[in-house]
Amino acid sequence: MVNDGFSTDFRHCPVCNTRFKGRKDKRYCSEDCRAAYNRSQRKAAEAPLNHVLSVIRKNRGILKKLWKGKATMVSRERLMALDFDPAVFSSTHVTSRRETYYFSGDYGFLPKTREKSEVALIVQRESHATGQDPWTMIN
Ligand SMILES: [Zn+2]
């Protein structure tokens, strides 16, 4: 028997489970199934990043909704009731007073305590610039 790279054995396409013959290194029944497989792999690989981006988008929407055209104080409870996730943000900004603002794009908040209750000061910035270079914050 001549080994021409073709196999007479049937295989099953891992995407659609169709039985097919072809070159031994052919893994999918069709170009569509090969492309579908690659798409699903790419989607799975990007899932963690897409999740973070969706949380940042949601957080930004909440901050934008609560912001009243100037620095706006709200309770942590109010933020949390809107399903705000304070642990996810796109950048930070540390002031000379060593207060850290947490931004979701152009909207951010400063966590504070006021009379023993937790509050957030919501701010907006014109620039979408990403805060500060972390190495400048060392020391
Ligand atoms: Zn297939």
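In this text, all values refer to a predicted model and were calculated from it rather than measured experimentally. (Residues numbered from 1 in each chain as written. Predicted model: local features only at pLDDT ≥ 70, side-chain atom pairs only at ≥ 80, totals over all residues.)

Across its full length, the chain holds two helices and seven strands. Against the compact-globule benchmark of 14 Å for 139 residues, the chain has a radius of gyration of 26 Å, which places it well outside the compact range. Projecting the C-alpha coordinates of the chain onto the three principal axes gives extents of approximately 85 × 35 × 25 Å. Within the chain, buried positions represent 13% of all 139 residues. Considering only contacts in the chain between residues 6 or more positions apart, those separated by 24 or more positions represent 41%. (Helix = DSSP H or I, 4+ residues; strand = E, 2+ residues; numbered from the N terminus. Rg over C-alpha atoms; globule rule 2.2 N^0.38 Å. Buried ≥ 20, exposed ≤ 12 C-beta atoms within 10 Å, placed from the backbone. Contact = placed C-beta atoms within 7 Å.)

A separate point is the nonpolar core. Counting residues in hydrophobic clusters, the biggest one holds 12 residues: I62, L63, L79, F84, F89, Y101, Y102, F103, Y107, F109, A120 and I122. For this core, the secondary-structure elements that each account for two or more residues are α1 (31–66), β5 (100–104), β6 (107–114) and β7 (117–124). Here this core takes three residues from β5, the largest share from any one element. (Core = buried A, V, L, I, M, F, W, Y, C linked by C-beta atoms within 7 Å.)

The end-to-end C-alpha separation of α1 is 49 Å, in line with the 52 Å expected for 36 residues at 1.5 Å each. A47 marks where α1 bends most, by close to 50°; the proline P48 follows one to four residues later. Judged by how many residues are buried, α1 sits mostly at the surface: three of 36 residues are covered. Here α1 has its buried residues at N59, I62 and L63. Buried residues along α1 sit against α2 (76–81), β5, β6 and β7. (Expected span 1.5 Å × (residues − 1). Bend = angle between axes of the 7 residues up to and from the residue.)

In the predicted model, the chain carries a mean pLDDT of 91, and 91% of its residues have values of at least 70. Mean pLDDT values over the elements of the chain span from 79, in strand β1 (residues 6–12), up to 98, in strand β3 (residues 72–75). (pLDDT = per-residue confidence, 0-100.)

Attention now moves to the sheet that holds β7. Spatial ordering of the open sheet is given by β3-β7-β6-β5-β4, a layout of five strands whose pairing is antiparallel. If you trace the sheet from one side to the other, it starts and ends with β3 and β4 (91–94), each paired once. The mean inter-strand angle of the sheet, taken between neighbouring strand axes irrespective of direction, is 30°. Pairing of β5 with β6 involves three bridges; the strand directions are antiparallel. Paired with S104 across the two strands is Y107, which belongs to β6. Along the sheet, α1 contacts β3, β5, β6 and β7; its crossing angle with β6, the most-contacted strand, is approximately 70°. (Pairing = 2+ DSSP bridges. Axes fitted to C-alpha atoms, helices over the stretch in contact; angles between N-to-C directions.)

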